[in-house]
Amino acid sequence: MDEAIFEIPLWWELLAVGVGALMGALFASRFKDHHLDLLGVSIIGVSTGLGGGVLRDLVLSVPVATFQSNWYLIVAVSASLLGMLLERLLKRLNTLFTVVDALNLGLFAALGATKGIAFGVPAVPAALLGVITAVGGSILRDVLMVTPVELLKVGPLYATAAIIGTTTLVTTTTIGVPFLPAAITCVVVTFVARMVGFTFGLRLPEQRRLGPLRRPSRLGRPEGPDAPSA
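Since we're looking at a predicted model, the values are computed, not measured.

1. Some details on helix α8 (residues 179-200)
Part 1: With 22 residues, α8 extends 31 Å from end C-alpha to end C-alpha; this agrees with the ideal 32 Å at 1.5 Å per step.
Part 2: All buried positions along α8 are accounted for by F179, A182, A183, C186, V187, T190, A193, R194, M195 and G197.
Part 3: Where α8 is buried, its residues contact α5 (94-118) and α7 (159-174).
Part 4: Downstream of α8 by a residue or two, G201 has a phi angle that is positive, lying close to 65°.

Dropping the structure here:
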């Protein structure tokens, strides 16, 4: 399979990295008690912007694309510092950044899945690889910030949107759809799922404890293993 089919222009990759790093810095700026310096902000931004692609290439055991050009790190660090310096101004553009982030989510999901298929990864693991590429940077950001991983908390669809997109991609390619339209479809589906979830507050159900239902007793108190003791 021709891997060149799945390549994108360097300028778009750098744009995506820059937006990811910028949003990583804005996220870090919310935690004033962490007292991050310039280096700390840069590390958070770089991890957010580049983390997903690095994890993807490590899983595939291929040369990490980030280290094949000087521009990746330059753009990520610059965007991180810009996000810190213009924090108050950029927070007013939160909706715009949500839209751009949704586009990046779809793009990286498609790139991760198609690159996996290009290297011979089966359909289901390739879909998972696309999700790792899309959300890996956010996970690394939260780990470095020592905060609960946002993707594991109840909230508007994010990783789920990437799963929907990559599942669409591997399904369409399996039935013979060419990779370019399949990848574009993945980007569109992921973007729409993310924006619908964000706009209408759609989310997966919160986890529930399984067990017997409580039954009211004759005295009006619930019965069962979780019933309060007298």
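2. A look at unusual backbone geometry
Part 1: In this structure, S61 takes a positive phi of about 60° despite not being glycine.
Part 2: As for its position among the elements, S61 is in the loop between α2 (38-60) and α3 (71-85).
Part 3: Owing to a relative accessible area of 67%, S61 belongs among the exposed residues under this scheme.
Part 4: Positive phi is not limited to glycine here, since V146 has a value of about 55°.

3. Brief notes about the pattern of salt bridges
Part 1: Enumeration over the complete set of coordinates arrives at 3 salt bridges.
Part 2: For the salt bridge of D57 with R56, the shortest nitrogen-to-oxygen distance reads 2.9 Å. Each member of the pair, D57 as well as R56, is classed as buried.
Part 3: For the salt bridge of K115 with D57, the shortest nitrogen-to-oxygen distance reads 2.9 Å. One end of the pair, K115, is in helix α5; the other, D57, is in helix α2, and 58 residues separate them in sequence.
Part 4: Residue D57 is classed as buried on the basis of its relative accessible area, which comes to 0%.

4. Details of the environment of A79
Part 1: Turning to its location among the elements, A79 is positioned in helix α3.
Part 2: C-alpha separation for the pair A79 and G24, spaced 55 residues apart in sequence, amounts to 9.3 Å.

5. Focus on α5
Part 1: Taking 1.5 Å as the rise per residue, α5 with 25 residues should run 36 Å; its terminal C-alpha atoms sit 36 Å apart, in good agreement.
Part 2: Count one or two residues on from α5 and you reach G120, which has phi positive near 85°.

6. Observations regarding the packing of aromatic side chains
Part 1: Evaluation of the coordinates by the stated rule reveals 1 aromatic pair.
Part 2: On the basis of an interplanar angle of 55° and a centroid distance of 5.3 Å, the ring pair of F27 and F31 is categorised as tilted.
Part 3: Taking the relative accessible area as the measure of exposure, F27 reaches 6% and is therefore buried.
Part 4: The ring centre of F27 lies 3.8 Å from the NZ or CZ of R141, which sits over that ring.

7. Overview of a nonpolar patch on the surface
Part 1: On the surface, L180, I184, V188, V192, V196, F200 and L202 cluster together into a nonpolar patch covering about 650 Å² of accessible area.
Part 2: Positionally, L202 belongs in the loop between α8 and β1 (215-216).
Part 3: For L202, a relative accessible area of 39% puts it in the partly exposed group.

8. Considering the side chain of T172
Part 1: On the secondary structure map, T172 appears in helix α7.
Part 2: Residue classification places T172 among the buried residues on the basis of a relative accessible area of 17%.
Part 3: Discounting residues that sit within four places of it in the chain, T172 has contacts with V177 and A182.

9. Some points on the nonpolar core
Most often, soluble globular proteins keep nonpolar side chains buried together rather than apart.
Part 1: If you look at the biggest cluster of nonpolar residues, it comprises 22 residues, and the most contacted ones within it are L105, V135 and L169.
Part 2: Counting residues per element, the ones that place at least two in this core are α5, α6 (123-144), α7 and α8.
Part 3: Discounting residues that sit within four places of it in the chain, L169 has contacts with A110, A113, T114, I117, A182, A183 and C186.
Part 4: By size, the runner-up hydrophobic cluster in this structure holds 12 residues, among which are V46, L50, A79 and F97.

Procedures and definitions
Residues numbered from 1 in each chain as written. Predicted model: local features only at pLDDT ≥ 70, side-chain atom pairs only at ≥ 80, totals over all residues. Heavy atoms only, no water. Helix = DSSP H or I, 4+ residues; strand = E, 2+ residues; numbered from the N terminus. Expected span 1.5 Å × (residues − 1). Buried < 20%, exposed > 50% of the residue type's maximum accessible area, 1.4 Å probe, protein only. Contact = heavy atoms within 4.5 Å. Salt bridge = Lys/Arg side-chain N within 4 Å of Asp/Glu carboxyl O. Phe/Tyr/Trp six-rings, centres within 6.5 Å; stacked < 30°, edge-to-face > 60°. Lys NZ or Arg CZ within 6 Å of the ring centre and 35° of its normal. Patch = residues over 30% accessible without salt bridge, like charges linked within 9 Å, V, L, I, M, F, W, Y side chains within 5 Å. Areas by Shrake-Rupley, 256 points an atom, 1.4 Å probe, with all protein chains shown as cover. Core = buried A, V, L, I, M, F, W, Y, C linked by side-chain atoms within 4.5 Å.

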